[in-house]
Amino acid sequence: MKLPLTWLKEFINYSISDEALAKRLTDVGLEVEEVLKDSKGKTILGLNITPNRGDALSVLGLAREVSAILEKPIQQSKTKAVKLVRKTFTAQPGNFKNEKVFVNLKLSHPKQCPRYMMAVFKNVKVEASPEWLQHRLEQVGIRSINNIVDITNYILMAYGQPLHAFDRQKISNSQIIIRTAKAGEKILTLDAKEHELISSDLVIADLEKPLALAGIMGGLDSEITSNTSEIALECAWFDPSTIRKTARRLGIQTDSSYRFERSVDFNIQNAFFEAIRLIQEVAQADLVGEVSELYPKPFVQKKIKFSPTRLERVIGGTWKHSEFKKIFSNLGFIVKESKKDLWDVTVPSWRADVSREEDLFEEIVRSAGLDRIPATFPKMTAPPMSGNVHELLSQEEKVKELLISLEFHEAIHFSFISPEEVLLIDSTLEDQLIHVTNPLGHEFSIMRPTLLPSLLKTLQYHHRHKITRARFFELRNRFIKTQDGMIERKALSAVLSGVRAQADCREQNAGTDFFEVKGIISKIVKLAQRHIQFITPKEKIVFLHPGKQIQIAYQHEDQTIEDLGVLGELHPEIALKMDFKHPVYLFELDWTGLMDLPKENRSFVPYSDQPVVLRDLALLMESDRTAGDLMPLLQKQDPSIRKIKIFDVYEGEKLPIGKKSVAYSLELGLENRTMTEEEINQVMQKVMNYLRNSLGIEIR
Amino acid sequence: MSTGVENLAQLESRFFDEIQSVTSEDLLNRLKSQYLGKQGFISEILRNLGQMPPEERPKMGAGANLLKKKIEEECRTALEKIQNLKKEKKIREESVDTSLPGRGLAEGGLHPLTQTLQEVQKIFKEIGFSIFEGPEIETEYYNFEALNIAEDHPARDMQDTFYINVVAHRGHPESDTKQGRHSDLPLLRTHTSPVQAHVMKNHKPPIRMIAPGAVYRRDFDVSHTPMFHQVEGLVVDQDIQFSDLKGTLIYFLQSFFGENLKVRFRSSYFPFTEPSAEADIQCVICQGKGHKNDVPCRLCKTTGWLEVMGCGMVHPGVFEKAGYDSKKITGFAFGLGIERLTMLKRGIPDIRLFYQNDLRFLNPL
Ligand SMILES: [Zn+2]
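Predicted model only: the values in this text are computed from it and were never measured.

A. Molecular detail of the sheet that holds strand β24 (residues 470-482) of chain A. All names here are of chain A. Reading across from one edge, β20-β24-β25-β29-β28-β27-β26 is the order of the seven strands in this open sheet, with mixed pairing throughout. Edge positions in the sheet fall to β20 (409-410) and β26 (533-535), since each has one partner strand and no second. Bridging between β26 and strand β27 (residues 544-555) involves three bridges; their strand directions are antiparallel. The partner of F534 across the bridge, within β27, is I552. Against the sheet, helix α12 (residues 390-405) engages β20, β24, β25 (485-497) and β29 (584-590), with an angle of about 140° to β24.

B. Inspection of the pairing of strand β18 (residues 334-339) of chain A at higher detail. Counting buried residues in β18 of chain A gives zero out of six residues, a small share hidden from the surface. Where β18 of chain A hands over to strand β19 (residues 342-346) of chain A, the hairpin turn is made up of two residues, counted between the paired strands.

C. A look at the confidence of the model for chain B. All names here are of chain B. Residues with a pLDDT of 70 or more make up 94% of chain B, whose mean pLDDT is 89. Per-residue pLDDT stays below 50 along residues 168-182; that stretch engages in 23 contacts with residues further than four places along the chain or on separate chains. Among the prediction metrics, the complex's ipTM stands at 0.88, with pTM recorded as 0.87.

D. Region of the structure containing the domain arrangement of chain A. Assigned domains of chain A: these are domain 1 (2-70), domain 2 (84-294), domain 3 (303-372), domain 4 (390-596) and domain 5 (613-699). Each of domain 2 of chain A and domain 5 of chain A has a C-alpha centre, and these two points are 95 Å apart.

E. Quick peek at the packing of helix α5 (residues 112-126) of chain B against helix α8 (residues 242-257) of chain B. Residues and elements named next belong to chain B. Contact geometry of α5 with α8 gives a least axis separation of 10 Å together with a crossing angle of 135°. Taken together, the axis directions place α5 and α8 in an arrangement best described as oblique. The interaxial crossing formed by α5 with α8 has right-handed handedness. Mapping the contact onto sequence places T116, E119, V120, I123, F124 and E126 in α5 and T248, Y251, F252, S255 and F256 in α8.

F. Molecular detail of the interface of chain B and chain A. Between chain B and chain A, the residue contacts involve 104 residues of the former and 93 residues of the latter. Carbon and sulfur atoms supply 56% of the area that chain B and chain A bury against each other, a total of about 8,400 Å² over both sides. Linking chain B to chain A there are three salt bridges. Close ionic contact of R356 of chain A with E320 of chain B constitutes a salt bridge, the shortest N to O distance being 2.7 Å. Our count for the contact surface shared by chain B and chain A stands at 42 residue pairs in polar contact (both at pLDDT 80 or more). Of the residues forming the side of chain B that touches chain A, the biggest block, eight residues, is contributed by α8 of chain B.

G. Layout of the coordination of the zinc ion. Residue and element names in this part refer to chain B. Around the zinc ion, the protein supplies C283 (SG), C286 (SG), C297 (SG) and C300 (SG) as donor atoms, at distances of 2.2 to 2.3 Å. Coordination at the zinc ion comes from four donor atoms whose angles at the metal span 105 to 115°, giving a geometry best classed as tetrahedral. Considered as a linear motif, the donors of the zinc ion on their single chain read C-x2-C-x10-C-x2-C. Remark: C300 occurs in the loop between β10 (295-296) and β11 (305-314) and C286 occurs in the loop between β8 (273-282) and β9 (291-292); sequence separation between them is 14 residues. Accessibility classification places C286 together with C300 in one group, the buried group.

H. Expanded view of the packing of α5 of chain B against helix α10 (residues 338-346) of chain B. Residue and element names in this part refer to chain B. In the contact formed by α5 and α10, the axes pass within 9 Å of each other and the chain directions differ by 100°. Here α5 lies roughly perpendicular to α10, going by the angle between them. Here P112, L113, Q115, T116, L117, E119 and V120 of α5 come into contact with α10, specifically with I338, E339, L341, T342, K345 and R346. In terms of residue class, the contact of α5 with α10 is made up of six nonpolar, three polar and four charged.

Conventions used here
Residues numbered from 1 in each chain as written. Chains lettered and ligands numbered in written order. Predicted model: local features only at pLDDT ≥ 70, side-chain atom pairs only at ≥ 80, totals over all residues. Heavy atoms only, no water. Pairing = 2+ DSSP bridges. Helix = DSSP H or I, 4+ residues; strand = E, 2+ residues; numbered from the N terminus. Contact = heavy atoms within 4.5 Å. Axes fitted to C-alpha atoms, helices over the stretch in contact; angles between N-to-C directions. Buried < 20%, exposed > 50% of the residue type's maximum accessible area, 1.4 Å probe, protein only. pLDDT = per-residue confidence, 0-100. Domains from an automatic or database assignment. Parallel < 35°, antiparallel > 145°, perpendicular 65-115°, else oblique. Left-handed = near helix turned anticlockwise from the far one by under 90°. Buried area = accessible area lost by both parts, 1.4 Å probe. Salt bridge = Lys/Arg side-chain N within 4 Å of Asp/Glu carboxyl O. Polar contact = N/O pair within 3.5 Å; in protein donor to acceptor, adjacent residues only side chain to side chain. Donors = N, O, S within 2.8 Å, 3.2 Å for Na, K, Ca; no water. Tetrahedral: all angles 85-135°; square planar, octahedral: opposite > 155°, others 65-115°. Nonpolar A, V, L, I, M, F, W, Y, C, P; charged D, E, K, R; others polar.

Right under this line is the structure:
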């Protein structure tokens, strides 16, 4: 909202500086965003009016605020009231017929249009506006069209009351009907666009067709042109939500609809009388007969109960009750002190936003200034609330610290990406994508079902900038559509390439590998005090190197396997498509799933002072045998086997093709005594027999 | 072999010649046993004493023993020398170029937004706030209606919303959901305020909570990204006053930005609070003066103030939706933008940088 201060001064006489005025307005909640100068060097304030303050969208409305701030009166309008013929209704809305009127009014929807006035003029001279009028509109950024249209815009800006002028001769049968649209009915509006209407739209129509979209925009047919000689001028109060629905649906916002949506003063007549005076003066037109009005159920000013002590309790600080009265009266509220602590406060007709006691509190505090309120501290009356996420957040903080120490950077990406980015990695996700109805573009059109595409894109960006040693992780929600609905779970995902962590400048060839990533997952799980298993996926994970991938899983007590994620090397074909010239490793862990697993109970474990014995076993096995899976099998062979480690893996010239040698170290021991050499040999024999006979593995 | 004392002298000089070229313990031991061993020269001389003329025997015996001592002594010295050289060599070999950088100093780091989020959470947790999270895909009910933002109120224009397509089929992703809009319509939350509504639904007062998280609005330009982060706060109890809101937010802002920071409150409007206010802090660039070095401050547009938070007393309509008795309890709510706080505190010029994840941006932060 632009407020030319020269215009403001027509309504109120004041003497403080422009800057001081701007500050005072901002303090009462009418934020002055900018201070501008017009073509003549006069100050114009640019205000950001919040959506509740429809009343402040006019020079008069702001003058009222200035009047309250400075405690100076508004200058009374010079306009004389015009003789008014009011049609009174009984129960049902109906017709307005008066012999002296040029148009007949018919109102069938008083809820959508509680009040409608019309004045008719003849001998109208449609021409360019006088200079003063053109300048006023220029100051507020409205293009001058002709004197009639300009006067309606002038009244809109001055009083906040939108008006509409019809070419009276284009109204068939001189009949104006205020009704809702018939579904499918069409109207061609002033901007030369055709709109198809639905039954909740309110129109101003004649007997044949809609002439205007009520409160939003007039029709092209009945537009004021230089040939117009008779006009019908409308002044109405339309239901805000009706206007808003239609304006939103059709995507039209006009100065008129903007004000009706925010509610105009229900005392519309003063602005109307001023408009009538201007049309008579500026366009030298003759008012025909009397002004007609349909107003079946006159508005009543709201009365709200106000308790001064309740205000003190809700706001805090100390107040004088006389101060409340002064603020209310400065703002046009009328106070009746019916009981000592329960006042009746009558709300002025222009303040549609004030409807509860709390709204009155706001009027007091914004006028008195928030500086008046002391700063106190709320008393703690209860311990922290149940259901909070403190433990989860602390786990997140810990895992992030761990990854940072492993030289990862945390990345944050938009939650929406393009479907192609997901499908490049995993085309099986197509049916699980959640689409944004109104995205900012195709590249932001689906919610990420995995964090990996965004992370890979960031890695790719760095590779293109010659940074091939980079590691990123992200811990955020991902979104998956299932048959049961939309699932939102946190994932911890990472991508990495280049030299492994903790390498120094002489170890630049020590590239990261599968086992570094596997080790990271183990560290994460250990830090989170959970247990998981690494299992060979039943079906190959499509986006990972077929020979360097593993599934992260949890085996529940009922033996069901819960999938918790994957890790491995990015499939070379995808790497090629994404232009990666170095191997890329990655993992994605279902963080929500991991957090939902039972937390490891860490309590004392008795240990034995008996010495342990180490025995090594070198095994020759097929290259594709998973040597790690042997460890639990071997451990089962005898209770004296405490631990098993793999300490060497060899594959090469010295061995037959297709074979590898794996060396295991077994830690043996009993709880209560030292094992004898014989016992040790027996256990080792048992293990070797098992390997040879049950697994066909050769001992070297 | 020649006999007599000359023989001993020859032997001695031969030994002292030979020991010169001894460089290792092995060679030394070999030399030593050549001379002193059971089959060595000295033993041989001593063994052969009996065949000598008796008058030469004592002299020869004494000479041989003396030589033996000399050789032993010399071998000891040589051994010491060899061992010292060996130790020195080992130390020399083990030495490193100490000017090279330490291992594992490649940089990693938390995203600056996470750093701010963690700091904000810590400050509020210390003064007894509990932290809650809520879904990012919300329903229209929780995002708007539960917060007193009616469908046809212009307040909805304050937040341009992304909707989620519930009936998207393949090849038909743009099916129209506008027609059948109702409260369950899924959308991307436009603020973290719906978490308030969820918490109030599940808890009775007193409530003292914050809700951090990502939010979404259809805006993408120099000063807006379509996703950003907020922290929402809510305190509900008997006798919560606007003055408590002021005290709490001043405490927070001074903890975050610095102890002597000036904070002001001015009236504003939010549909879910009444009265509503904005909290401003003194400009971080010009220290609230409006100008720096006589140049008008661009950050605060010379006002000296920066808007950082929206806040207010919880609107009774919000309590009524939650099933609370708005006559018996009061509360305050506030919301802040994590990107904005981070930009102000760390001097970041463009909000879009947060989402590019460029290491040149992330590393120094
Ligand atoms: Zn500044």
